[in-house]
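Chain by chain, the residues run as shown.
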Amino acid sequence: SDVYKRQYQRRVRAVNEGETPQAESFVLPDESPHVLEKLSSFLLTLFPDIKSLPSKKGSPRVLVFASSAVRANDVYKVCNNMSTKELKVGKLFAKHIKVEEQITFLQTNFVHLCVGTPNRIKKLIENGSLKTDLLELIVIDCEKDRKNLSLLDIHEVRDDLFSLYKDFLHFRVAEKHTKICLY
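Conventions used here
Residues numbered from 1 in each chain as written. Predicted model: local features only at pLDDT ≥ 70, side-chain atom pairs only at ≥ 80, totals over all residues. Heavy atoms only, no water. Helix = DSSP H or I, 4+ residues; strand = E, 2+ residues; numbered from the N terminus. Buried < 20%, exposed > 50% of the residue type's maximum accessible area, 1.4 Å probe, protein only. Contact = heavy atoms within 4.5 Å. Areas by Shrake-Rupley, 256 points an atom, 1.4 Å probe, with all protein chains shown as cover. pLDDT = per-residue confidence, 0-100. Core = buried A, V, L, I, M, F, W, Y, C linked by side-chain atoms within 4.5 Å. Salt bridge = Lys/Arg side-chain N within 4 Å of Asp/Glu carboxyl O.

### Considerations on the overall build of the chain
Reasoning step 1: Helix and strand counts for the chain stand at six helices and five strands.
Reasoning step 2: Counted from the first residue to the last, the chain has its helices and strands arranged as α-α-β-α-β-α-β-α-β-α-β.
Reasoning step 3: Counting all 183 residues of the chain, 48% fall into the buried class.
Reasoning step 4: By sequence separation, contacts in the chain at least 24 residues apart represent 74% of the contacts at least 6 residues apart.
Reasoning step 5: Total accessible area on the chain is roughly 9,600 Å²; 51% of this is exposed by carbon and sulfur atoms.

Given below as structure tokens:
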């Protein structure tokens, strides 16, 4: 949390100071390098019984935010390795997938984990097809791209994430139902 606040303090002004997550709201990954290939095993250490947890249609336990559709697709491929008949991973980004298809997917499937971009996830929450009532973990993919920028460095994406957090996720974090992980 201190690293987060120091590194991004001037950018957090988009979220009111009283709505900034506190230290106990964060889950810290282990000391090993945060490489994409280890994300699914990290998530399984946090949720070893994720398949057997009660679920509802369109209500994931984990939301993973990525900076772009290309990055979200890479993250999805890694997370989809966990996917089974009992464990569904949702694609919530714009790369070759229309909003209407994602709405149908969320309305007809019990999803445990969803990967997407802040803008698309916000649209799906706003239209009611993506629900946050079972959400336990928000993962923010902090991997830097070829231009050495992460999701939190890209102005438009960061603003979308902060807006989404403020409008739909902060209350869950404040009430200690949901934690945040910067991965």
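### Notes on the confidence of the model for the chain
Reasoning step 1: For the chain, per-residue confidence averages 84 on the pLDDT scale, and residues scoring 70 or more make up 86% of the total.
Reasoning step 2: Contacts from residues 3–17, a stretch scored under 50 in pLDDT, to residues over four places away or in other chains number 21 contacts.

### Observations concerning the nonpolar core
Reasoning step 1: Within the largest apolar cluster, 26 residues are counted, with the highest numbers of intra-cluster contacts made by L39, L43, V62, L113, V115 and V139.
Reasoning step 2: Every element with two or more residues in this core is listed here: α2 (39–46), β1 (62–65), α3 (69–80), β3 (113–116) and β4 (137–140).
Reasoning step 3: The contacts of L39, once residues within four sequence positions are left out, are V64, V75, C79, V139 and Y183.
Reasoning step 4: Counting residues in each nonpolar core, the second largest holds 25 residues, with L63, L106, L151 and F162 among its members.

### Quick word on the pattern of salt bridges
Reasoning step 1: A complete count under the given rule lists six salt bridges for this structure.
Reasoning step 2: We note a salt bridge from D141 to R71, for which the minimum N-O separation is 2.6 Å. Placement of the pair is D141 in the loop between β4 and α6 (155–174) and R71 in helix α3, with a sequence separation of 70 residues. Both residues of the pair, D141 and R71, count as buried.
Reasoning step 3: A salt bridge links D167 to K122; the shortest N-O distance between them is 3.7 Å. Of the two residues, D167 sits in helix α6 while K122 sits in helix α5 (residues 118–126), which places them 45 residues apart along the sequence.

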